[in-house]
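Now for the letters of each chain:
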Amino acid sequence: MSEKLINKGIRPDGRKLDEIRPLKIKAGVVDRADGSAYVEFGTTKVISAVYGPKKVHPRHMENSKKAILKVRYNMIPFSVYDRKRPGYDKRSVEIAKVVSEALENVIFLEEFPKSAIDIDMEIIQADAGTRVAAITAASVALADAGIPMRGLISSVAAGRVEGNIVLDLTKEEEDASDAIDLPVAMLARTGEITLLQMDGDASVDEIEKIVRMTEKGCKDIEKIQGKALIEKYNANTA
Amino acid sequence: MTHSITKTKVEDTAVNPKTVAEPKAAGEEKEAMKIVYPGFELVDSMDVLPGAGAFREGSKVFSKILGIAKTRGSVVSVTPLSGVYNPQVRDYVVGEVTDVGFSNWSVDIGGPYDSVMSTNDVREFVERNGDLTKYYAIGDIIMCVVTGVTPTKFINVGTKDPKARKLIGGLLTQITPSKVPRLIGKQGSMIGMIKDKTKCFITVGQNGRIWIKGDFETVASKAIKKVDEWSTQSGLTDKIEALLDKEIKNLPKKSQGDINE
């Protein structure tokens, strides 16, 4: 029997159960994009860039009433231990779709009819929670691009490891035998959930606890996101 | 080499008079600017109205965008720090002719939408079945005015305006459209200063496109780019003036004589 990952409420990397990994956000990292952001959740590193609103190509995708989102999620080949074959796969297409749905509800899309907003997310280094890091980055990048939104979308995963409910799992924790991982994205200002995914099985009580935990996490993340956006302009002033 | 332009008038700048008149939209404010992000709570009161860049949810007013919050009277609004050009009727814009049809031209005015200039909307008399390229050809840069915008963003522009004209030669540069009022300054103080120092003709479009013509185009362009970059700083006109003085000093001796005439 191997040793336990979580001992007396302390996790392998020294965090408490309801603590997120050290979070670092920087807005405006890509010069050529209209808006961009770099996000680090511990060792998970993501860069996101937003282009537009711009003309829609192909034209038949155009909507006369609102803008459309074109989301791309991509893992760089060196982001994981076994080199990932570059390009699209069914996982990246699925994540791009759910991320798009997580973001579109807070954007005032009707202000830009017949246009498209491109969101690119590149996973530079993966250590679990790449989709939540990508959403957190994309939300900051959208704000940086000057796109009107009802608020910032913050995202974090929580789950169960060895019977404990923990926030922001690492790959090591995610690989535990009973682990479940539940990524949640929400408009932290109101607590409205825009993404919730899960596989594995958990009791209703556990899910309730997990969602409550992510709510607290998202509220903390939103503050850091806002600070990163303001920081970009304050850095110019100094 | 003699320099023909001695002084350019501020009135030359084609600016929407509305924006110049706004004292708070530009100029040197002493108080620190408050930068807000989407979802930032601006005020919790039913007596305040949400202006541009703000929206109401319940009793609270939130910011829609990343920008600078401003309260004027009972309206709270947010001036964006980034974003694409959103055309408004009567805006003066600098556009490029991208296509010529039977009775209209396509004009690129920046942003996600193409605009159309019909033969009815141009100053020149256009002959029936005439050759439209005689008036405006592909690649021409024009100063034009937005004559119509529909809710689904069909945009018409025209040149039936005293300020509208073809821009020949010169240098074209681009800044963030929302920072155009900052570049112009109070009563055109900033742009007037740049024109005086560099002795260039400068035309600013509301879409953030700027056309510069003169012997020191690159110096003027450098200063304009810095206004965009430093827009959140206070005392910007003085800083730009210092930058221009330094740039001019670094110019070769011969051209310095011209600029200091």
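What counts, and at which threshold
- Within any chain, residue numbers begin from 1 and follow the written order of that chain's sequence.
- Lettering of chains starts at A and numbering of ligands starts at 1, both following the order in which they are written.
- Under the rules for a predicted model, residues below a pLDDT of 70 receive no local features and side-chain atom pairs below 80 are neither given nor counted, while totals for whole chains, interfaces and linings still include all residues.
- Neither water nor hydrogens contribute to the side-chain values; these are computed over all heavy atoms in the structure.
- Numbering goes from the N terminus for both helices and strands, where a helix is a DSSP run of H or I of at least four residues and a strand is a run of E of at least two.
- Every radius of gyration here is taken over C-alpha atoms, with the globule rule written as 2.2 Å times N^0.38, N being the number of residues.
- Exposure is judged per residue with a 1.4 Å probe applied to protein chains only, and the accessible area is read against the type maximum: over 50% gives exposed, under 20% gives buried, and values in between give partly exposed.
- Contacts are assigned to residue pairs that have any heavy atoms within 4.5 Å of one another.
- Note on areas: these come from Shrake-Rupley sampling with a 1.4 Å probe, and a residue is covered only by the protein chains present in the view.
- None of His or the chain ends enter the tally, which takes Lys and Arg as positive and Asp and Glu as negative.
- Taken as the charge location is NZ of Lys, CZ of Arg, CG of Asp or CD of Glu.
- The buried area of a pairing is the accessible area, by a 1.4 Å probe, that goes missing from both parts when the two are put together, added over both.
- By salt bridge we mean one thing: a side-chain nitrogen of Lys or Arg within 4 Å of a carboxyl oxygen of Asp or Glu.
- Polar contacts, as used here, are pairs of N or O atoms within 3.5 Å; protein pairs need one atom able to donate a hydrogen and one able to accept it. Residues neighboring in sequence count only if both atoms are side-chain atoms.
- For this classification, Asp, Glu, Lys and Arg are treated as charged, while Ala, Val, Leu, Ile, Met, Phe, Trp, Tyr, Cys and Pro are nonpolar and the rest, including Gly, are polar.
- Strands are labelled as partners when DSSP assigns at least two bridges between them.
- Domain start and end points were adopted from an automatic or database domain assignment.
- Helix axes are fitted only over the stretch in contact, all axes being lines through C-alpha atoms; the angle between N-to-C directions runs from 0 to 180 degrees.
- Aromatic contacts are taken between Phe, Tyr and Trp rings whose centres are within 6.5 Å, Trp giving its six-membered ring; a plane angle under 30 degrees counts as stacked, one over 60 as edge-to-face, and the others as tilted.

Asker: Tell me about the overall build of chain A, and please be specific about residues and values.
Answerer: In terms of regular secondary structure, chain A is built from four helices and nine strands. Mapped from its N terminus to its C terminus, chain A presents α and β elements in the order β-β-β-β-α-β-α-β-β-α-β-β-α. A compact globule built from 238 residues should have a C-alpha radius of gyration of about 18 Å, and chain A, at 18 Å, falls within 12% of that. With the C-alpha coordinates of chain A rotated into their principal frame, the extents come out at 60 × 45 × 35 Å. Within chain A, buried positions represent 54% of all 238 residues. When contacts within chain A are restricted to residue pairs at least 6 apart in sequence, those whose partners lie at least 24 apart make up 69%. Entry remark: accessible area of chain A is about 11,100 Å², with carbon and sulfur atoms responsible for 51%. Here chain A carries 36 positive and 38 negative side-chain charges, and the mean point of each set is 5 Å from the other.

Asker: So what's going on with the interface of chain B and chain A? Which residues, and what values?
Answerer: Taken together, the contacts link 25 residues of chain B with 31 residues of chain A. Each partner contributes to the roughly 2,400 Å² buried at the junction of chain B and chain A, and carbon and sulfur atoms together form 60% of this total. On the chain B side of the contact with chain A, Tyr37, Lys64 and Leu66 of chain B bury the most area, a combined 21% of that side's loss. Across the pair Arg189 of chain A and Glu57 of chain B runs a salt bridge whose closest N-O atoms are separated by 3.2 Å. Taken together, the connections running from chain B to chain A amount to eight residue pairs in polar contact (both at pLDDT 80 or more). Grouping the constituent residues of the side of chain B that touches chain A by class yields 13 nonpolar, seven polar and five charged.

Asker: Which residues make up the pairing of strand β9 (residues 192-196) of chain A, and what are the values?
Answerer: When strand β8 (residues 180-187) of chain A meets β9 of chain A, the two strands line up antiparallel, connected through four bridges. Counted as the bridge partner of Ala185 of chain A is Leu195 of chain A from β9 of chain A.

Asker: How would you summarise the domain arrangement of chain B if you had to cite specific residues and measurements?
Answerer: All names here are of chain B. Structurally, chain B comprises domain 1 (10-23 + 171-259), domain 2 (35-80) and domain 3 (92-167). The interface of domain 1 with domain 3 comprises 11 residues on the first partner and 13 residues on the second. With both sides pooled, the region where domain 1 packs onto domain 3 buries about 990 Å², and carbon together with sulfur makes up 61% of that total. Put simply, Asp108 and Arg209 hold a salt bridge, and the shortest N to O gap is 3.3 Å. Applying the counting rule to domain 1 against domain 3 returns six residue pairs in polar contact (both at pLDDT 80 or more).

Asker: Give a description of the sheet that holds strand β7 (residues 164-167) of chain A that names residues and reports values.
Answerer: Residues and elements named next belong to chain A. One open sheet holds the four strands; their spatial order is β7-β6-β8-β9, and the pairing between them is antiparallel. Two strands lie at the open edges of the sheet, namely β7 and β9, each paired on one side alone. Each strand of the sheet is rotated relative to its neighbour by a mean of 30°, with strand direction disregarded. Here four bridges tie strand β6 (residues 153-161) to β7, and the two strands are oriented antiparallel to one another. Each residue of the ladder has a partner; that of Gly159, found in β7, is Val166.

Asker: Go over the packing of aromatic side chains, please, and point to the residues and values.
Answerer: Summed over all chains, the structure comprises four aromatic pairs over all chains. Centre to centre, the rings of Phe108 of chain A and Phe55 of chain B are 5.4 Å apart; their planes meet at 65°, and the pair counts as edge-to-face. Of this pair, Phe108 of chain A sits in the loop between α1 (90-104) and β5 (115-125) while Phe55 of chain B sits in strand β4 (residues 54-57), placing the two residues on different chains. For Phe108 of chain A, a relative accessible area of 13% translates into the label buried. Judged by its relative accessible area of 9%, Phe55 of chain B is buried.

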